[in-house]
Structures are given as structure tokens and as C-alpha cells.
Amino acid sequence: MKALDALFKADSTALSLRQKRMEILGSNIANAATPHFKARDIDFEAAYKSAMNTGEITKTSSAHIDVGGTADTADVRYRVPLSPSLDGNTVELHVEQVQFAENATHYEATLNFLNGRISTMRKALRGE
Amino acid sequence: MTNKLTIFDVAGRSMAAQQVRLNTVASNLANAASVSGSPDTVYRPIKPVFETQYHDVMEKTGIATVDVADIYQSDATPEKRYQPNHPLADKDGYIYAPPIDQNAEMVDMLETSRQYQNNIEVLSTAKTLLIKTLNVGK
């Protein structure tokens with residue numbers, strides 16, 4: 001099973017991070033008109049690296065410092081607005097829409113990679 | 001059981017809030033010409049108050065939707081017009097019109113409609129991706 005885990009880990013980590021980011025960007029878009037709302041986002045590259053970096057190190061005590069992280073522990077930061085608005089809302093719809101579209105495209109790309117991996121594995125199993 | 005906010009809740013509740021906002025705009029525009037014989041009974045424009053609802057108390061996940069916390073009734077002074085021939089005029093010949101800025105209401109309406117559309121877009125993208133994820137490996 002370990003081999004299969006290793007095969008799918010990259011894609012599953014990327015998918016869950018993309019899913020999480022989609023929820024956050026969706027929240028920003030939902031709150032585009034709410035006064036004092038601060039737009040949030042995650043740094044995908046950093047979060048992905050930290051989630052993939054867990055390696056073979058295992059924690060033997062709950063007091064140990066975490067090695068790497070998972071999609072759930074990704075840092076959610078605040079977006080710096082290009083031009084802050086008077087009501088304290090930092091959502092800039094054009095920025096959010098672009099990020100959302102980019103994220104959705106990457107999600108789909110990851111799905112395609114995953115499908116490719118699965119079909120490769122299937123071909124190998126069938127000996128085609 | 002904690003009620004986890006999914007992207008569908010986020011966009012759905014935001015759409016509901018925008019719907020309330022659209023209703024207040026419609027109500028204000030519909031009553032823009034409703035004059036009255038007394039400043040106390042004249043229509044007062046209404047505005048929704050949006051409030052962010054976070055998924056978690058610590059606001060750690062960044063997931064948040066929006067609810068209408070209150071509907072605020074404007075206390076702007078009604079417009080006083082001298083029209084002694086108007087059937088509703090008071091004993092001094094004045095009628096009172098609601099303090100509604102129709103242009104501002106129209107701008108509000110356009111913004112509401114745009115944001116409603118954005119939420120639909122989020123919803124349909126999330127739905128498409130979810131269906132594609134369900135079909136992985138087929």
C-alpha cells in the first residue's frame with residue numbers, strides 16, 4: 001500500500017489544498033460587500049511544499065514539533081489590497097475572480113494528472 | 001455535530017443576502033413616489049446590514065459567509081414640498097416625499113446583481129469540479 005500512497009500523495013495533497021483554497025476564495029467573493037471583511041488566501045506553493053515535506057520522520061511524543069504539515073494546517077494569510085476601500089473591506093473582485101479561475105483550472109489539471117496516473121496503473125496491471 | 005461551512009453554504013447564503021438587498025432596493029424604488037400628509041407616516045428607505053459569519057470562532061480557516069444582520073430604516077429627513085392642491089396635503093399645504101436617492105438605488109441594484117452572478121459562478125464552478133472529482137478513475 002505504501003507504493004500506492006506514494007504514487008497518489010502528490011495529487012491528493014494538491015487536490016485538498018486546491019479545494020481548501022477554492023473555499024477561501026469563494027468566501028472572499030461571498031463577502032465582497034460586507035464592511036470590514038478582510039480577504040484571505042493561502043500561499044499554495046509554500047503550503048504544498050510543507051505538506052509534501054513530512055518525509056519518513058515520525059513523531060514519538062505529542063510534545064514534538066510538527067514536521068511539515070497537511071492541507072489542514074496550511075497558513076491562511078490576509079490579502080494586501082491594491083487600493084483599500086473606505087468601508088474597511090479588502091476584497092477586490094477582479095483579483096478574487098482571477099485567483100478563483102486560476103485555482104479552478106489548476107484543480108482540473110491535477111484531476112487530469114490523477115486520472116493519467118490511475119490509467120497508467122491500470123494498464124500496468126492488465127499488461128496491455 | 002459541528003455544522004461545517006461548505007463552499008455551497010458560503011455561496012448560497014451570500015446569494016440569499018444579496019436577494020434581501022435586492023428586495024430592499026425594489027421596495028425603496030417602488031416607494032420613491034409615495035408621498036404622505038405627515039412626516040411621521042412617510043415611507044422610510046430601508047437598507048440591509050451585512051455581517052460576516054465565520055466558519056470557526058478563531059477565523060483560522062478563512063472560510064466565511066455573509067448574513068443579513070439587520071434591516072436598517074433610514075432616519076433621513078423626508079422631503080417637504082408645498083403642494084396645497086394635493087389631496088394628501090396637510091393644513092399648511094405641505095406634502096412629504098420619502099428621502100430616496102433613485103440613482104444611488106439603481107447603482108445598488110446593479111452591484112447586487114453583479115455580486116449575485118459572481119456567487120452563481122462560484123457555485124457552478126464548484127459543482128462542475130465536484131462532479132469531475134466523483135468521476136476520477138472512470
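Calculation rules
Residues numbered from 1 in each chain as written. Chains lettered and ligands numbered in written order. Predicted model: local features only at pLDDT ≥ 70, side-chain atom pairs only at ≥ 80, totals over all residues. Helix = DSSP H or I, 4+ residues; strand = E, 2+ residues; numbered from the N terminus. Rg over C-alpha atoms; globule rule 2.2 N^0.38 Å. Buried ≥ 20, exposed ≤ 12 C-beta atoms within 10 Å, placed from the backbone. Contact = placed C-beta atoms within 7 Å. Nonpolar A, V, L, I, M, F, W, Y, C, P; charged D, E, K, R; others polar. Axes fitted to C-alpha atoms, helices over the stretch in contact; angles between N-to-C directions. Parallel < 35°, antiparallel > 145°, perpendicular 65-115°, else oblique.

J.: Just checking my understanding: could you explain the overall build of chain B for this structure?
T.: Within chain B, the regular secondary structure consists of two helices and four strands. Its helices and strands in sequence order give chain B the pattern α-β-β-β-β-α, from N to C terminus. In summary, chain B has a C-alpha radius of gyration of 22 Å against a globular reference of 14 Å for 138 residues, an excess of more than 25%. The burial tally for chain B puts 25% of its 138 residues in the buried class.

J.: Just checking my understanding: could you explain the environment of I95 of chain B for this structure?
T.: All names here are of chain B. For I95, the position within the fold is in strand β4 (residues 94-97). Through-space distance from the C-alpha of I95 to that of P78 is 9.6 Å; in sequence the pair is 17 residues apart. Apart from residues lying up to four places away in sequence, I95 is in contact with V35, G37, R81, Q83, H86, L88 and A89.

J.: I'm lost on the interface of chain A and chain B in this one. Help?
T.: For interface size, the figure often reported is the accessible area lost on association. Contacts between chain A and chain B engage 24 residues on the former and 25 residues on the latter. Broken down by secondary-structure element, the contributors of at least two residues to the side of chain A that touches chain B are α1 (2-30) and α3 (93-126) of chain A. Split into classes, the residues belonging to the side of chain A that touches chain B amount to 16 nonpolar, five polar and three charged.

J.: Is there a simple way to explain the packing of α1 of chain A against helix α1 (residues 7-30) of chain B in this structure?
T.: Where α1 of chain A contacts α1 of chain B, the two axes come as close as 9 Å, and the packing angle between them is 5°. For the element pair α1 of chain A / α1 of chain B, the angle class is roughly parallel. Touching M22, E23, G26, S27 and A30 of chain A of α1 of chain A are I7, V10, A11 and S14 of chain B, all from α1 of chain B. Looking at side-chain class alone, the contact of α1 of chain A with α1 of chain B contains five nonpolar, three polar and one charged residues.

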